[in-house]
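Now for the letters of each chain:
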Amino acid sequence: MPTYVYRAIDSDRSCDHCELGFEIIQRMTEPTLTTCPHCKNPISRILFAPTVVIKGSPLTETDRKIRDYEKEGKWSHAAELADKEAEKTKREDLKTRALEDYKKAGYNFDKYNTDT
Ligand SMILES: [Zn+2]
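As the structure is a computational prediction, the values presented were derived from the model and not from experiment. (Residues numbered from 1 in each chain as written. Predicted model: local features only at pLDDT ≥ 70, side-chain atom pairs only at ≥ 80, totals over all residues. Heavy atoms only, no water.)

Regarding the coordination of the zinc ion
No. 1: Protein-derived ligands of the zinc ion are Cys-15 (SG), Cys-18 (SG), Cys-36 (SG) and Cys-39 (SG), with the metal-ligand distances lying across 2.2 to 2.4 Å.
No. 2: Since its relative accessible area comes to 22%, Cys-39 is described here as partly exposed. (Donors = N, O, S within 2.8 Å, 3.2 Å for Na, K, Ca; no water. Buried < 20%, exposed > 50% of the residue type's maximum accessible area, 1.4 Å probe, protein only.)

This is the structure we're talking about:
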């Protein structure tokens, strides 16, 4: 059975359980969770593996490094690294991750979007 990862949508409304995300094993047929089983606040499923993994690209050294940065809360470092790696490997999952990390680092995308 696949393992799914869920995380609080709004970190201001989360408990220890969902703030950093949690893994849960579900059947494919089970509905997607929308609220944390502990605090009942909204959560979203993080799309890892089966759907986004590109064949032949296992967890790389860079992935691990990004994860380390994220663990330490170095969001801008993680974002830059993910961004660079996404450019290089054309991996959509990393691009998404870079965006998320940039947001956590406090970047304001609305502002940047007007420049392009
Ligand atoms: Zn919770």
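A few points about the pairing of strand β1 (residues 3–8)
No. 1: Pairing of β1 with strand β2 (residues 22–25) involves four bridges; the strand directions are antiparallel. Along β2, the bridge assignment pairs Val-5 with Glu-23.
No. 2: Here β1 pairs with strand β3 (residues 43–46) via four bridges, running antiparallel. Within β3, the residue paired with Tyr-6 across the bridge is Arg-45. (Pairing = 2+ DSSP bridges. Helix = DSSP H or I, 4+ residues; strand = E, 2+ residues; numbered from the N terminus.)

Considering the confidence of the model for the protein
No. 1: Across the protein, the average pLDDT comes to 85, with 83% of residues at 70 or higher.
No. 2: Mean pLDDT in the protein bottoms out at helix α2 (residues 49–52), which sits at 48, and peaks at helix α4 (residues 75–89), which reaches 94. (pLDDT = per-residue confidence, 0-100.)

Some details on the environment of Asp-12
No. 1: When you line up the elements, Asp-12 lands in the loop between β1 and α1 (16–19).
No. 2: For the pair Asp-12 and Asn-41, spaced 29 residues apart in the sequence, the C-alpha separation amounts to 9.8 Å.

Section: the sheet that holds β2
No. 1: Ordered by their spatial adjacency, three strands build an open sheet running β2-β1-β3, and the pairing between neighbours is antiparallel. With one partner strand each, in any of the chains shown, β2 and β3 form the two edges of the open sheet. Within the sheet, the average angular offset between the axes of one strand and its neighbour, ignoring direction, is 40 degrees. (Axes fitted to C-alpha atoms, helices over the stretch in contact; angles between N-to-C directions.)

Comments concerning the pattern of salt bridges
Should the charged atoms of two oppositely charged side chains come close, the side chains can pair.
No. 1: Scanning all chains against the criterion turns up nine salt bridges.
No. 2: For Arg-91, the salt bridge identified is with Asp-63, shortest N-O distance 3.1 Å. One end of the pair, Arg-91, is in the loop between α4 and α5 (92–104); the other, Asp-63, is in helix α3 (residues 61–71), with 28 residues separating them in the sequence.
No. 3: Classification of Arg-91 by relative accessible area gives buried; the value is 8%.
No. 4: According to the relative accessible area criterion, Asp-63 is buried, its value standing at 4%.
No. 5: Between Glu-70 and Arg-97 there is a salt bridge, with the nearest N and O atoms lying 2.9 Å from each other. (Salt bridge = Lys/Arg side-chain N within 4 Å of Asp/Glu carboxyl O.)

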